[in-house]
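Notes for the structure review
Now for the letters of each chain:
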Amino acid sequence: MTPQMGHSLAGIVDDYKRRSGLSDGAIATKIGMSRMNLNLWRKEIRALPTHDNLVAVAQVTATSYRVVLDAALADCGYLATPPTGDEVSLDGIVAVSLIFGGLLGRALTPSEASRLKSAWQASSPRTLDSIAEALDPQEGSH
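Let us look at the structure shown here. Here the structure is a predicted model, which means the values were calculated and not measured.

Another point: the environment of alanine 62. With respect to the element layout, alanine 62 can be found in the loop between α4 (51–61) and α5 (65–75). With 46 residues separating them in the primary sequence, alanine 62 and tyrosine 16 have C-alpha atoms 8.5 Å apart.

Topologically, threonine 63 is positioned in the loop between α4 and α5. Owing to a relative accessible area of 5%, threonine 63 belongs among the buried residues under this scheme. Each C-alpha atom, one on threonine 63 and one on valine 13, is 9.8 Å from the other, the two residues being 50 residues apart in sequence.

Taken residue by residue, helix α2 (residues 24–31) has Asp24, Ile27, Ala28 and Ile31 as its buried positions. When α2 is viewed along its axis, its buried side chains cluster within an angular range of 100° and face the same direction. Turning to α2, the residues buried within the fold contact α1 (9–20), α3 (35–43) and α4. Downstream of α2 by a residue or two, glycine 32 has a phi angle that is positive, lying close to 95°.

Let's shift gears to the packing of α2 against α3. Two elements in contact, α2 and α3, have axes whose closest approach is 8 Å; the angle formed by their N-to-C orientations is 100°. Taken together, the axis directions place α2 and α3 in an arrangement best described as roughly perpendicular. Two secondary-structure elements touch here, α2 through Asp24, Gly25, Ile27, Ala28 and Ile31 and α3 through Arg35, Leu38, Asn39 and Arg42. Counted by class, the contact of α2 with α3 contains four nonpolar, two polar and three charged residues.

Let us now look at the packing of α1 against α5. One can describe the packing of α1 onto α5 by two numbers: an axis separation of 8 Å at closest approach and a directional angle of 135°. Classified by the angle their axes make, α1 and α5 are oblique. Of α5, the residues touching α1 (which contributes Leu9, Ala10 and Ile12) are Val67, Val68, Ala71, Ala72 and Asp75. In the contact of α1 with α5, the residues fall into seven nonpolar, no polar and one charged.

The rules behind each value
Sequence order as written defines residue numbering, which begins from 1 separately in each chain. In view of the model being predicted, local features appear only for residues whose pLDDT reaches at least 70, and side-chain atom pairs are presented and counted only at 80 or more, with totals across whole chains, interfaces and linings using the full set of residues. Side-chain descriptors were evaluated using all non-hydrogen atoms of the structure, hydrogens and water having been removed beforehand. The secondary structure listing takes helices from DSSP runs of H or I that are at least 4 residues long and strands from runs of E that are at least 2 residues long, numbered from the N terminus. The rule is simple: take the accessible area with a 1.4 Å probe, protein chains only, and divide by the maximum for that residue type; under 20% is buried, over 50% is exposed, in between is partly exposed. Taken from the helix axis, the directions to the C-beta atoms give the arc we talk about. In this analysis, two residues are considered to be in contact whenever any of their non-hydrogen atoms come within 4.5 Å of each other. Helix axes use the C-alpha atoms of the stretch in contact, all axes being lines fitted to C-alpha atoms, and the angles between their N-to-C directions lie in the range 0 to 180 degrees. Any angle that is under 35 degrees is reported as roughly parallel, and any over 145 degrees as roughly antiparallel; angles of 65 to 115 degrees are reported as roughly perpendicular and all others as oblique. Residue polarity is assigned by list, with Asp, Glu, Lys and Arg as charged and Ala, Val, Leu, Ile, Met, Phe, Trp, Tyr, Cys and Pro as nonpolar; anything else, Gly included, falls into the polar class.

Structure representation (structure tokens):
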């Protein structure tokens, strides 16, 4: 059974714990973190977990990375309502811009933010793939 959209990150891990019968310590080890940090996810996530931790949660729990990322973004307050299906909401595109800024180590420039907004507005349906395609300079002028 795959966890439902809208779960918290702790909920995804707890669903896996019930299915697998593993202890918190064993799950934390599989993810590559301490049991104490895993237990902190149950109380409150104050910052977005590392990409490596999110990938590990997805792999260990056999959950799509997108569902894990949406749960983590919602837990941290970046998504008011996780998008349904593959559709990217405006909250989702704001979260994407924050993630890009975090990866770049700086805020997006006005030009980059404008391109991202234009790609989001031009995409139909609004999926990450269609937005990435609209942002790709190889696909034409923007």
